[in-house]
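Survey of secondary and tertiary structure
Here is what each chain is made of, one letter per residue.
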Amino acid sequence: ILNVEQSPQSLHVQEGDSTNFTCSFPSSNFYALHWYRWETAKSPEALFVMTLNGDEKKKGRISATLNTKEGYSYLYIKGSQPEDSATYLCAYNSNTGNQFYFGTGTSLTVIP
Amino acid sequence: DGGITQSPKYLFRKEGQNVTLSCEQNLNHDAMYWYRQDPGQGLRLIYYSQIVNDFQKGDIAEGYSVSREKKESFPLTVTSAQKNPTAFYLCASMGAAGGENIQYFGAGTRLSVL
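Let me sum up the structure you'll find in this document. Since the structure is predicted, the reported quantities are computational estimates derived from the model, not experimental observations.

Moving on to the pairing of strand E10 (residues 100-105) of chain B. Residues and elements named next belong to chain B. Sheet analysis places strand E9 (residues 87-97) next to E10, joined by six bridges and oriented antiparallel. When the sheet's bridge partners are listed, Ser93 is paired in E10 with Tyr104. If you look at the hairpin formed by E9 and E10, you'll find two residues sitting between the two strands, and Gly98 has a positive phi there, around 60 degrees.

In C-alpha cells form, the structure reads like this:
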C-alpha cells in the first residue's frame, strides 16, 4: 500500500485569508495526482488532475502546483470564503496500475 | 441527471448476514471503483473494474465480493466474512473530461452492524 500524506489535518481560517495545504506522495512511478473537494453530505468533486512536473492549474480562487521529483503538490485558496469549507483530498495514481491512493484529507473551515 | 447513484443511503447488517450495496452510473464509463472510508483514514480501494465481466481486487478486498454484468452497474456484497464492516462506502466511475480521466463519485452508503 502506497503512502499518501496530507497536511495539515484540519485548518480554521478567517474569511478573506489565503491558505494552502500539502499532499506528499511517492516520487517513483508517478502518473497523475488528483485533487478533490468534498463538502459535507455531498459527493467528492474533482478539482484538478495534474500530470507534469511543474504543472500549475487554476480554477477561480483555487490553484495547485505539482513537483513530481520530490513528490509533493500544494493546493492554494486565495481569499477564502465560507463556501470553501470542505475536506480537500488528494489521490496519487501510479504508472504501474489503475489504482488511486488517497490521503486522509485536509478539513478546511472558513469562519465568516 | 447524469451521475452515480448509490443505494441505500443507510444500511444495517445483522451478524452473519450478507448485504449488497448498489452502485449505478449513466455516464457510459468503463471503469468503476468501490472505496471504504473509516474515521481518520483515507479512502481505501476494495475492488475496481475496468470493463464489463472483469474486476480486480484492491488493497482491502477480503470479505467483499463484486460483479460487473452490466456497464452501468457495479454492486458490492459485504459478506459475513468481513468482520468489521461498519464504514462509509463510496462508489466511483472514471471517464474523460477535458482530455483528462476524472473519477465521479456517488453520495455513499453508510453501513452499520446491529
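Once you've had a look at it, read on.
Residues and elements named next belong to chain A. As summarised here, the arrangement of the five strands in space is E1-E3-E8-E7-E6, forming an open sheet in which the pairing is antiparallel. Because the sheet does not close on itself, it has two edges, and the strands there are strand E1 (5-7) and strand E6 (56-59). On average, adjacent strands in this sheet sit at an angle of 15 degrees to one another, irrespective of strand direction. Sheet analysis places strand E3 (residues 19-24) next to strand E8 (residues 72-77), joined by six bridges and oriented antiparallel. Bridge pairing links Thr22 to Tyr74 in E8.

It is worth spelling out the state of the cysteines at this point. Within the structure shown, the criterion is met by two disulfides over all chains. With its sulfur 2.0 Å from that of its partner, Cys23 of chain A forms a disulfide with Cys90 of chain A. Between Cys23 of chain A and Cys90 of chain A, the S-S dihedral sits near 80 degrees, and the bridge is therefore right-handed. Taken as a pair, Cys23 of chain A in strand E3 and Cys90 of chain A in strand E9 (residues 86-94) lie far apart in primary sequence, 67 residues in all. Looking at Cys23 of chain A, the relative accessible area reads 0%, which means it is buried. The disulfide partner of Cys23 of chain B is Cys91 of chain B, and the S-S distance across this bridge is 1.8 Å. Its S-S torsion of approximately -75 degrees makes the covalent link between Cys23 of chain B and Cys91 of chain B left-handed. In this pair, Cys23 of chain B is assigned in strand E3 (residues 19-25) and Cys91 of chain B in strand E9, connecting sequence segments 68 residues apart. Cys91 of chain B carries the same exposure label as Cys23 of chain B, and that label is buried.

Bringing the nonpolar core into the picture now. Ranked by internal contacts, the top residues of the largest apolar core, which has 24 residues, are Phe25, Leu33, Trp35, Phe48, Leu75, Tyr88 and Leu108 of chain A. When contributions to this core are tallied by element, the ones reaching two or more residues are strand E2 (10-14), E3, strand E4 (30-38), strand E5 (45-50), strand E7 (62-67), E8, E9 and strand E11 (106-111) of chain A. Ranked by residues supplied to this core, first place goes to E9 of chain A with four residues. Sequence-distant contacts of Phe25 of chain A, defined by excluding residues within four places in its chain, comprise Asn3, Val4, Phe30, Leu33, Leu66, Asn67, Thr68, Gly71, Tyr72, Ser73 and Tyr92 of chain A. One finds Leu21, Ile46, Val66 and Tyr89 of chain B within the second-largest nonpolar core, a separate group that totals 20 residues.

Let us now look at the packing of aromatic side chains. All chains considered together, the criterion is met by 17 aromatic pairs over all chains. Taking the centre distance of 5.8 Å and the plane angle of 35 degrees together, the rings of Tyr36 of chain A and Phe102 of chain A count as tilted. One end of the pair, Tyr36 of chain A, is in strand E4; the other, Phe102 of chain A, is in strand E10 (residues 100-102), with 66 residues separating them in the sequence. Of the residues examined, Tyr36 of chain A reaches a relative accessible area of 0% and is grouped as buried. Plain terms: the ring middles of Tyr74 of chain A and Tyr76 of chain A are 6.1 Å apart, the flat faces sit at 70 degrees to each other, and that makes the pair edge-to-face. Judged by its relative accessible area of 27%, Tyr74 of chain A falls in the partly exposed class. Geometry around Phe48 of chain A places Lys59 of chain A over its ring, the cationic atom sitting 5.9 Å from the centre. For the cation-ring pair, Arg68 of chain B lies above Phe74 of chain B, with the distance from its terminal atom to the ring centre recorded as 5.9 Å.

About the criteria used
Residues numbered from 1 in each chain as written. Chains lettered and ligands numbered in written order. Predicted model: local features only at pLDDT ≥ 70, side-chain atom pairs only at ≥ 80, totals over all residues. Heavy atoms only, no water. Pairing = 2+ DSSP bridges. Helix = DSSP H or I, 4+ residues; strand = E, 2+ residues; numbered from the N terminus. Axes fitted to C-alpha atoms, helices over the stretch in contact; angles between N-to-C directions. Disulfide = S-S within 2.5 Å. Buried < 20%, exposed > 50% of the residue type's maximum accessible area, 1.4 Å probe, protein only. Core = buried A, V, L, I, M, F, W, Y, C linked by side-chain atoms within 4.5 Å. Contact = heavy atoms within 4.5 Å. Phe/Tyr/Trp six-rings, centres within 6.5 Å; stacked < 30°, edge-to-face > 60°. Lys NZ or Arg CZ within 6 Å of the ring centre and 35° of its normal.

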